[in-house]
Amino acid sequence: MKKNKKKILIEKPERKKTNWKLVGELMHGYRHYIIFATISVLLSTAFSYAVPYVTSFTLDYVIQGISTSTPKFLLSLVESLGGRDYFVHSLFLCGIALFFFTAMNCLFTFTRRQNIAYASEGMATKLRNRLYRHLEDVPYDYHKHASTGDLVQRCTSDVDTVRRFVHLQLMEIVRTFVMFILAAIVMFSVNVKMTLISLAFLPFLTIGSFIYFKYVQEYFTGSDEAEGALSTMLQENLTGVRVVRAFGQQKSEIDKFTKLNSTYREKTYKLIKLLGFYWGLSDSVGYIQIGLSLCMGVIGVYRGTFTLGNVALFTTYVAMLTWPVRQLGRILADMGKAGVSLGRLDEILSAPVEQEPGKALSPDIKGDIVFDNVCFGYDRYNDVLDGVSFTAKPGQTVAILGATGSGKTSLVQLLQRLYVRTAGSITIAGTDVNDIEHGHLRENIGIVLQEPFLYSRTIMENIRICAPCSTEEDVYFAARTASVHEVIENFEQGYETLVGERGVTLSGGQQQRVAIARTLMQKAPILIFDDSMSAVDSETDAAIRKSLLALNQEGITFLISHRITTLREADNILVLENGRITQQGTHSELIHQEGLYRRIAEIQDAISEGGNA
Amino acid sequence: MYIEEQDFAAKKIDWNVWKRLYRYALQNKKLFFTVIVALVVVAAIDIAYPLFTKYAIDHFVVPKTIDGLGAFALLYLALILIQSSGVITFITFAGKLEMAIAYTIRQDAFLRLQELSFSFYDRTAVGYMMARMMSDTSRLSDMIAWSLVDVLWSLLYAIGCIVTMFVLSWKLALISLAVLPLLAFISIRLQKSMLKHQREARKLNSRITGAFNEGIMGAVTTKTLVREEDNANEFNELTGKMRQASIKSALVSASFFPIIMSLGAVGTGLALTLGGQGVLNPQTALIGALTAGTLVAFISYCTQIFDPIQQLANILAEMLGSQASAERVITLMDTKPDVTDSAEIIWKYGDILDPHPENWEPITGNITFDHVTFQYKSGERVLDDFSLDVKAGQTIALVGETGAGKSTIVNLLCRFYEPTEGEIRIDGTDYRQRSQLWLQSSLGYVLQTPHLFSGTIKDNIRFGKPDATDEEVMLAARLVHAEPFILQQEKGYDTEIGESGARLSTGQKQLLSFARVVLKDPRIFVLDEATSSIDTETEQLIQNAITHILNNRTSFIVAHRLSTIRTADRILVIRNGKIQESGTHEELLRQHGYYYDLYTQQFCEDRTAESLGTAKQEEEND
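Residues numbered from 1 in each chain as written. Chains lettered and ligands numbered in written order. Predicted model: local features only at pLDDT ≥ 70, side-chain atom pairs only at ≥ 80, totals over all residues.

Student: Looking at this model, I keep getting lost on the overall build of chain B. Mind explaining?
Tutor: Helix and strand counts for chain B come out as 21 helices and ten strands. Computed over its C-alpha atoms, the radius of gyration of chain B comes to 36 Å, more than 25% above the 25 Å expected for a compact globule of 622 residues. Taken along the three principal axes of its C-alpha coordinates, chain B extends 120 × 70 × 50 Å. Looking at chain B as a whole, 43% of its 622 residues qualify as buried. (Helix = DSSP H or I, 4+ residues; strand = E, 2+ residues; numbered from the N terminus. Rg over C-alpha atoms; globule rule 2.2 N^0.38 Å. Buried ≥ 20, exposed ≤ 12 C-beta atoms within 10 Å, placed from the backbone.)

Right, here's the structure in full:
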């Protein structure tokens, strides 16, 4: 079932439209960086164009004494400085101008990247934080059906795709257009006909680039798929290495691998060949364009309509333009990818978060818990709980016995409001749980799950995670109550042992007991143990229960277990069968009734007394 | 225990590692030298372009004539065509070289992985091997092929530029290139610093991935502990750090290009000033006479020479960055298998690539463990002076706690490990006197968690005997009662089962893995039983399948569900690498020892579960 869900999650969003509202929201607070970056692009492009102009000016005006190619405003400025003679004697001024313009180009190139780095990193940080918080705030049900791998993938690589796009390519689009427009303005102002000739090939190059990068996607996919197949086969071989060896199938595995390895090689080679032809051909188009400008320029000079400086200027500008134009198609292809990633992230962010169904009060949680005719189902057709009623008073221990699927876990989840009941009422000290703010409610109900999750930090930090101000003594006390203090002390690093994903793996029983200690630190008036001592042996189980009882005399404790010895001392035992309470009472009451409780008690009794084999 | 994914932060380039890897490139001499020739042509033409501009200026523009322009244009066009075919050639051939290198490294490494012993697999995570085989290899082949291109082009181009500049005007060249050494120095420094910052950001990035993973996996716990706020705050702190590191890294790389270019502009400015004087006042100029065309060409060279310098710095930095990948791949290739066959044995019995089954002696199935001791290289002793005699056709069950040594006994039997002391005899001969494949071809092995391969159901059953006919496959499936569920599948035996059998239930996978063994018809059968129970109906089916397989074969069962082994000829209770109790089911029960306790406990659990009924699986427990 999970697998299908994952598939839907992966396939559905592919064709989703980019949510520009999300982009706007994420960019909020960073817009000024984008504006600064755009200004930087303008300035750096202008200065980069000024550099060949200096050469052109030097060649025409200073060296050859031709003033026709120099714009009027510059000419009057030059004249006011002392005209050509001045420059002939102070040629170093041209050199300095060249250096200065380059340096300014560099400065603004730097500010462009700097601003875009602030913008893209800021945006990525915001996006990550929002995703993390959102995933914590979505209802319990969301996580039950989601695939961790898929979510992590989206939160990391999709965020990175979006970040990279903003960081590397957003400004590249702006830059290409600015470059083109500025170059066109300058060139047109010099010579319209020559400009048209010099830019003649650019539209073809642009269109070619679009077509090519669209086409090349297919080859990329082909290569990716071949790589995926190779990697899957490898993974299967390595995880199944025992089977391969035991069946003596190394040779056929090597054959299989060789086939996939060479398919991958061929597919990727095809892709690279395509790349090679594109770069080679577009290179030649670029150079032909430059050559055309050069030859036509020469003819222009011969006819007196063009100058040496103009030739140098035009060829340089054309050379400067061809590279970004060739890349344009790629940028647009990446933009498409970023859009898809954004759509996938938006899907996470638009999942509704947990709602407060009622008044969101924070009342005192000390008092009776009353379940009155409570019904619940995950969907409309299947009731998991069907008219459950019972009362638990402070100081009582309520035990629940039932088969897998009888609704035990749902019952305690309704109490914590991880799910909202469909009918009936649940009250704590007279307040409907739906009216209690969920944080307040859960802070006052400690729960230990059968397979508890420990965070990737030290045992000490894990136990005091809900009570950061507690002393080490408090932690030791909780650990002793959970019969785990000694075990921890015996670890090489004691309480400083790192557990969880990056640390050592504790056994099931140890995990359960650390989780019990952690829950005790919550000092909640209501405690729930959802089969949370299943991996602990009966003696330790009894010891833990004894110390718990002493600790939680005023509160209410729920125990879910299959062990009669665990259940028998409870003040009230509920027997759940198919979502209904079929029996209710103390051990001595239930043991004298015909029913499930007695049947199980008899089996377990018979065996512990050691008769049967 | 596992080899950790470490960030080998290389400080220096270890040329020996690269030399070894370049041997892979040299295996493809034709490709290698074609790339070099194409690069020489391309670099030469790249150098020639400014000379063309110079010629055009000096011969057409300045004298204001167009005589010979046609021939000039034609020559220029020809050069462009040669160059673009050069570019196509070197890109395609370098690509081919890259793929050839990756292919060969992967083949070699895979072959090595097929030979490596289980001691290697036990301490190495699959993810680690995957990373070596896939990403590290890609990165390396990319480096080897394209660094060749980049280094060669950059060197040729830089040297060509410098030489041409010196030929055009050695004085001007000397002056305008004065900044070059400084530039090279700064380039390398900046590249190194970039690398350092990138590494920092990458480290933080993997921590963020970990945090997401934990946040999502522990979401429910976080909810019940009401830790949302605290977790989010801690996460924000982490992303804040990431942001700072990324910005720092971005700023360093953003400053790289501007610094280089500004420095370069000093040279260009000098060239313009002094060169301009050379054109204007040929007599008085510091550098002597210069034509306008030469000046234009010179300025071209001055702006372009920084490109190859940057490239070279970049490659050195990248080599530093992939040093770790290179070392890891080489380490994998250098790992030696613990269990090997001697040369004589290979000569007689063959190896995995070329087995000689015609020389294999048939196996009856008598097995003897003769004072076998096994300890890991770490010194941990798992099995201590263990002796056992098994007659052909007997069923032996192994019972005991995790880590008691049951799996080691089975692994030794399969020769996945070899005894440190003592010997294991099959039909009276020490199995080290035979090849590994000899034993393993007569071995049936079913794992705790059945492992299937992607492909069809038929392919999977046929795994141990690729030449089996369809009839044989169906017969095997029928014998283990797998046929009913197979026929229910969309395409019957030709149904694709998905990656590792993802589309099947555990019970179905188990049945297929039994069918696979039945088809192979092994003399020795090993069953490493699943710890978790499956639903009663499937369990019954599996029970029947096992009974069928055990028939007539020497069998070892590592048992968790004791109900499976009541009929075993002998049950061994293993504790701390030794046999603690031994006998049939009835004998052991009478002893009232460990086996007795274990059996009653399981019996109790089973009966409780039975009484509670096998209600439909609660949805949250799927």
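Moving on from the model shown.
Student: What's the story with the overall build of chain A in this structure? I'm lost.
Tutor: A tally of regular secondary structure across chain A gives 23 helices and ten strands. Scaling as 2.2 N^0.38, a compact globule of 613 residues should have a C-alpha radius of gyration of about 25 Å, whereas chain A reaches 37 Å, well beyond that. Across its three principal axes, chain A shows a C-alpha extent of roughly 120 × 65 × 55 Å. Contacts spanning at least 24 positions in sequence make up 77% of the contacts within chain A whose residues lie at least 6 apart. (Contact = placed C-beta atoms within 7 Å.)

Student: How should I be thinking about the interface of chain B and chain A in this particular structure?
Tutor: Contacts between chain B and chain A engage 126 residues on the former and 125 residues on the latter. It is helix α9 (residues 228-280) of chain B that contributes the most residues to the side of chain B that touches chain A, 30 residues altogether. Considered class by class, the residues forming the side of chain B that touches chain A number 70 nonpolar, 40 polar and 16 charged. (Nonpolar A, V, L, I, M, F, W, Y, C, P; charged D, E, K, R; others polar.)

Student: What is the right way to look at the domain arrangement of chain B in this model?
Tutor: Interfaces are often sized by the amount of accessible area the parts lose when they come together. As far as domains go, chain B holds domain 1 (1-168 + 323-337), domain 2 (170-289) and domain 3 (454-521). For domain 1 of chain B and domain 3 of chain B, the distance between their C-alpha centres works out to 47 Å. (Domains from an automatic or database assignment.)

Student: Which parts of the structure should I look at to understand the packing of helix α12 (residues 250-303) of chain A against helix α3 (residues 69-115) of chain B?
Tutor: When two helices pack together, their arrangement is captured by the angle between the axes and the distance separating the axes. Following both chains from N to C, one finds α12(A) and α3(B) inclined at 165°, their axes separated by 8 Å at the closest point. Viewed along their axes, α12(A) and α3(B) adopt a mutual orientation that is roughly antiparallel. Note on packing geometry: the crossing formed by α12(A) with α3(B) is right-handed. For the contact of α12(A) with α3(B), a count of residues per class yields 25 nonpolar, 15 polar and six charged. (Axes fitted to C-alpha atoms, helices over the stretch in contact; angles between N-to-C directions. Parallel < 35°, antiparallel > 145°, perpendicular 65-115°, else oblique. Left-handed = near helix turned anticlockwise from the far one by under 90°.)

Student: What's the story with the nonpolar core in this structure? I'm lost.
Tutor: One broad rule of soluble globular proteins: the nonpolar side chains tend to lie buried together. Residue and element names in this part refer to chain B. Grouped together as the largest cluster of nonpolar side chains are 165 residues, with contacts concentrated most on Val35, Phe90 and Phe298. No other element matches α9, which puts 18 residues into this core. Contacts of phenylalanine 90, omitting those with residues within four sequence positions, involve Val35, Ala38, Leu39, Val42 and Val149. Listed in part, the 93 residues of the second largest apolar core include Phe369, Val473, Leu512 and Ile557. (Core = buried A, V, L, I, M, F, W, Y, C linked by C-beta atoms within 7 Å.)

Student: So what exactly am I meant to see when it comes to the sheet that holds strand β3 (residues 395-399) of chain B here?
Tutor: Note on sheets: strands pair through backbone hydrogen bonds, and any given pair is parallel or antiparallel. Residue and element names in this part refer to chain B. Taken in spatial order, the six strands line up as β6-β7-β8-β3-β9-β10 in an open sheet, and their pairing is mixed. Edge positions in the sheet fall to β6 (443-446) and β10 (578-583), since each of these pairs with one other strand and no more. Strand-to-strand, the axes of this sheet are offset by a mean angle of 20°, without reference to chain direction. In this structure, strand β9 (residues 570-575) lies alongside β10, joined through five bridges in antiparallel fashion. Residue pairing across strands places valine 573 opposite glutamate 581, the latter belonging to β10. Sheet strands touched by helix α13 (residues 406-413): β3, β7 (524-528), β8 (554-558) and β9. Its angle to β8, the strand with the most contacts, is close to 150°. (Pairing = 2+ DSSP bridges.)

Student: Help me out: how do you make sense of the sheet that holds strand β3 (residues 397-402) of chain A in this one?
Tutor: Residue and element names in this part refer to chain A. Strand order across the open sheet formed by six strands is β6-β7-β8-β3-β9-β10, with mixed pairing between neighbours. In this open sheet, the two strands that pair with only one neighbour each are β6 (445-448) and β10 (580-585). Here the strands of the sheet are splayed against their neighbours by 15° on average, with no regard to which way each runs. Direction of pairing for strand β7 (residues 526-530) relative to strand β8 (residues 556-560): parallel, over a ladder of five bridges.

Student: Teacher, can you tell me more about the confidence of the model for chain B here?
Tutor: Low-pLDDT portions of the prediction should not be read for the details of their coordinates. All names here are of chain B. For chain B, mean pLDDT is 84; residues scoring 70 or higher make up 94% of the total. Across chain B, the secondary-structure element scoring lowest on mean pLDDT is helix α19 (residues 536-550), at 75, and the one scoring highest is strand β4 (residues 421-426), at 92. Low pLDDT (under 50) marks residues 614-622, which in the prediction has 19 contacts with non-local residues, meaning those over four places away or in another chain. For this predicted complex, the interface confidence reaches an ipTM of 0.82, while the overall pTM sits at 0.78. (pLDDT = per-residue confidence, 0-100.)

Student: Which parts of the structure should I look at to understand the pairing of β3(B)?
Tutor: Two faces, one strand: in a regular strand the side chains alternate between the faces of the sheet. Residues and elements named next belong to chain B. Counting buried positions along β3 yields five of five residues, so the element is predominantly enclosed. Alternating positions in β3 separate into two faces, Thr395, Ala397 and Val399 on one and Ile396 and Leu398 on the other, with burial throughout. Relative to β8, β3 runs parallel, the two being bridged by four bridges. In the sheet register, leucine 398 faces β8, and the bridge partner there is valine 558. Direction of pairing for β3 relative to β9: parallel, over a ladder of four bridges. Looking across to β9, one finds that valine 399 is bridged to valine 573.

Student: How should the environment of Ile581(A) be read in this particular structure?
Tutor: All names here are of chain A. Positionally, isoleucine 581 belongs in strand β10. Overall, the presence of 21 C-beta atoms within 10 Å leaves isoleucine 581 in the buried class. Along the backbone, isoleucine 581 and histidine 89 are 492 residues apart, and their C-alpha atoms lie at a distance of 106 Å.

Student: Would you take a moment to explain unusual backbone geometry for this structure?
Tutor: Negative phi values dominate among residues other than glycine, just as trans dominates among peptide bonds. Here the phi dihedral of Arg417(A) falls at roughly 60°; this positive angle occurs in a residue that is not glycine. Residue placement: Arg417(A) occurs in the loop between α14 (408-415) and β4 (423-428). A positive phi angle, close to 60°, is found at Arg415(B), a residue other than glycine. Looking at the element boundaries, Arg415(B) is found in the loop between α13 and β4. On the neighbour-count criterion, Arg415(B) (23 C-beta atoms within 10 Å) is buried.

Student: Hey, could you run me through helix α5 (residues 126-168) of chain B in this one?
Tutor: Within an α-helix, residues lying three or four positions from one another point in the same direction, as the helix has 3.6 residues per turn. For α5(B), spanning 43 residues, the distance from its first C-alpha to its last is 60 Å, which sits close to the expected 63 Å at 1.5 Å a residue. The sharpest bend along α5(B) measures roughly 35° and falls at Asp136(B). (Expected span 1.5 Å × (residues − 1). Bend = angle between axes of the 7 residues up to and from the residue.)

Student: How should the pairing of strand β2 (residues 381-390) of chain B be read in this particular structure?
Tutor: Residues and elements named next belong to chain B. Sheet analysis places strand β1 (residues 367-375) next to β2, joined by six bridges and oriented antiparallel. Residue pairing across strands places phenylalanine 374 opposite leucine 383, the latter belonging to β2. Between the end of β1 and the start of β2, which pair antiparallel, lie five residues, with glycine 379 showing a positive phi angle near 100°.

Student: Mind showing me how you'd approach the confidence of the model for chain A here?
Tutor: Across chain A, the average pLDDT comes to 85, with 95% of residues at 70 or higher. Scored below 50 in pLDDT, residues 1-16 of chain A makes 15 contacts in the model with residues more than four places away or belonging to other chains.

Student: Where do I start with the packing of helix α2 (residues 29-61) of chain B against α3(B) in this structure?
Tutor: Residues and elements named next belong to chain B. In the contact formed by α2 and α3, the axes pass within 8 Å of each other and the chain directions differ by 155°. Classified by the interaxial angle, the pair formed by α2 and α3 is roughly antiparallel. Considering only the axes of α2 and α3, their crossing is left-handed. Its residues placed into classes, the contact of α2 with α3 shows 23 nonpolar, four polar and one charged.

Student: Explanation requested: the environment of Pro52(A) in the structure shown.
Tutor: All names here are of chain A. Take proline 52: it is sitting in helix α3 (residues 31-64). The spatial distance from the C-alpha of proline 52 to the C-alpha of phenylalanine 314 is 9.0 Å, given a sequence separation of 262 residues. Discounting chain neighbours no more than four positions away, the residues touching proline 52 are Ala312, Leu313, Thr316 and Tyr317.

Student: What exactly am I supposed to notice about helix α19 (residues 508-521) of chain A here?
Tutor: All names here are of chain A. Across its 14 residues, α19 extends 20 Å between first and last C-alpha, which sits within 8% of the 20 Å expected from 1.5 Å per residue. The buried fraction of α19 is high, at twelve of 14 residues. Here α19 has its buried residues at Gln510, Gln511, Gln512, Arg513, Val514, Ala515, Ile516, Ala517, Arg518, Thr519, Leu520 and Met521. The inward-facing, buried residues of α19 abut β6, α16 (459-463), α17 (472-481), α18 (485-490), β7 and α20 (538-551). Once α19 finishes, lysine 523 follows within two positions and takes phi at roughly 50°, a positive value.

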